[in-house]
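Report on the structure
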Amino acid sequence: MLKGKTALVTGSTSGIGLGIAKALAGQGANIVLNGFGDVEGPKSQVQSLGVKVAYHGADMSKPAEIENMMKFAAAQFGRVDVLVNNAGIQHVARVEDFPPEKWDAILAINLSSAFHATRLALPAMKAANWGRIINVASVHGLVASAEKAAYVAAKHGLVGFTKVTALENATTGVTCNAICPGWVLTPLVQKQVDARAAAAGCSDEEAKRQLLGEKEPSLQFTTPEELGELAVFFCSPAANNVRGVAWNMDR
Ligand code: NAD
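Criteria and cut-off values
- The numbering scheme is per chain: residues are counted from 1 as the chain's sequence reads.
- Side-chain atom pairs in this predicted model are given and counted only at pLDDT of 80 or more, local residue features only at pLDDT of at least 70, and totals for whole chains, interfaces and linings cover all residues.
- Side-chain calculation: all heavy atoms of the structure are included, whereas hydrogens and water are not.
- Nearness is defined per residue: one heavy atom within 4 Å of the molecule or strand is enough.
- Whenever two N or O atoms come within 3.5 Å, that pair is a polar contact, provided that in protein one can donate a hydrogen and the other can accept it, and provided that, for residues adjacent in sequence, both atoms are side-chain atoms.
- Of the two site types, the cavity is a set of points on a 1 Å grid over the protein atoms alone where a 1.4 Å probe fits but cannot get out, and the pocket is an open set with protein on both sides within 12 Å along at least five of seven lines, each lined by residues with an atom within 4 Å of a point.
- Molecules are considered to sit inside a cavity or pocket once more than half of their atoms lie within 2 Å of its grid points.
- What counts as a helix is a DSSP run of H or I of at least four residues, what counts as a strand is a run of E of at least two, and both are numbered from the N terminus.
- Residues are grouped as follows: Ala, Val, Leu, Ile, Met, Phe, Trp, Tyr, Cys and Pro are nonpolar; Asp, Glu, Lys and Arg are charged; every other residue, Gly included, is polar.
- What fixes the domain bounds is an automatic or database domain assignment.
- Whether a residue is buried, partly exposed or exposed follows from its accessible area with a 1.4 Å probe, protein chains only, as a fraction of its type maximum: under 20%, in between, or over 50%, in that order.
- Note: two strands are recorded as paired if DSSP finds a minimum of 2 bridges between them.
- Seen with its strands pointing away from the viewer, a crossover is right-handed if its path from the first strand over the helix to the second goes clockwise.
- Each Phe, Tyr or Trp ring, with Trp reduced to its six-membered ring, pairs with another whose centre is within 6.5 Å; inter-plane angles below 30 degrees give stacked pairs, above 60 give edge-to-face pairs, and intermediate values give tilted ones.

1. Re the site of the ligand
Near the ligand lie 30 residues; those nearest to it are Ser14, Asn86, Tyr151, Val184 and Thr186. In the model, an oxygen atom of the ligand is placed 2.6 Å from a nitrogen or oxygen of the Ser14 side chain. Between the ligand and Met60, the relevant distance is 2.8 Å, taken from a nitrogen atom to a main-chain nitrogen or oxygen of the residue. The cavity where the ligand resides is the largest pocket. Secondary-structure elements contributing two or more residues to the shell around the ligand are helix H1 (15-26), helix H5 (149-168) and helix H6 (187-200). Among the elements that line the shell around the ligand, the one with the most residues is H6, at 3 residues. Grouping the constituent residues of the shell around the ligand by class yields 16 nonpolar, 12 polar and 2 charged. Two domains each put at least three residues into the shell around the ligand: domain 1 (6-182 + 224-245) and domain 2 (183-221).

2. A few points about the pairing of strand S2 (residues 30-34)
Looking along a regular strand, one sees side chains alternate from face to face of the sheet. Summarising burial for S2: 5 of the 5 residues are buried, a large majority. Covered by surrounding structure in S2 are Asn30, Val32 and Asn34 together with Ile31 and Leu33, the residues of both alternating faces. Relative to S2, strand S1 (residues 6-9) runs parallel, the two sharing 4 bridges. Residue pairing for S2: Leu8 is matched across the bridge by Val32. For S2 and strand S3 (residues 53-56), the ladder comprises 4 bridges, and the chain directions are parallel. Directly across from Val32, in S3, lies its bridge partner Ala54. In this region the chain leaves S2, passes through helix H2 (residues 40-47) and returns to the parallel neighbour S3; the handedness of that crossover is right-handed.

3. Observations concerning the packing of aromatic side chains
Tallied over the full model, the rule gives 4 aromatic pairs. Taking the centre distance of 5.7 Å and the plane angle of 70° together, the rings of Phe233 and Trp247 count as edge-to-face. Of this pair, Phe233 sits in helix H8 (residues 224-235) while Trp247 sits in strand S7 (residues 246-249); the two residues are 14 residues apart in sequence, bridging distant segments of the chain. Here the aromatic rings of Phe234 and Trp247 are separated by 5.7 Å at their centres, their planes lie at 80°, and the arrangement is edge-to-face.

The following block contains the structure:
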């Protein structure tokens, strides 16, 4: 379905981003990976699906580096057809204790980076009259949890940004939608499980059960593979007129 097209997935060296990159590669898209940590492992996982893979290590909190990444992607593959704004971080503290530098970092990485990548991707998508922008928000783009002020603010912002981008391009072949996962067991969430286990003096298994029990009626984690398939749907012809939605996947 996506043969000959290029997908750039931010924060795709791990977790949900890697799951989405692999699902899009499974449909034939060439992939631009981004993110920190091990690069060779994720790169070879995507390459094994028979597509071309490039990597750019832009720090998504830095607009100039995002600009370099977008230029790099265009130079490698011609243009970006599918942009997945996925990079994200978390910090947990009450508002009065929230370190201002963590607030700034979360807003920059989880929200502003999507604006910068999107503004730079849109001209080529509009010229081709085809494009898909998929913002990985969260159920925290729709509801709140205590101690997650910056994350909840950024994700609500991302859902709003998704709607505006969809609206401004509604007469074109460019769509923009948000994915709103509940708990997914990635390194980002494992840190919260570890903190809970340490605070309560309980096992990893019990901490996971408590975490899910508070908010996920199914008591199950959503997987990066399931989220990847939702991204594939947004790229399909069936979704040509799916615009500006914030789609929960939270069981
Ligand atoms: P993760 O920690 O496994 O992956 C995060 C990715 O972002 C990594 O590749 C990391 O290197 C990259 N990254 C972090 N800071 C970056 C920066 N400054 N520049 C470039 N890349 C950077 O986390 P995840 O759970 O896969 O999270 C991915 C997205 O999904 C995030 O936006 C997160 O908010 C969202 N999300 C996660 C869950 C969950 O339960 N795990 C639920 C809802 C939404």
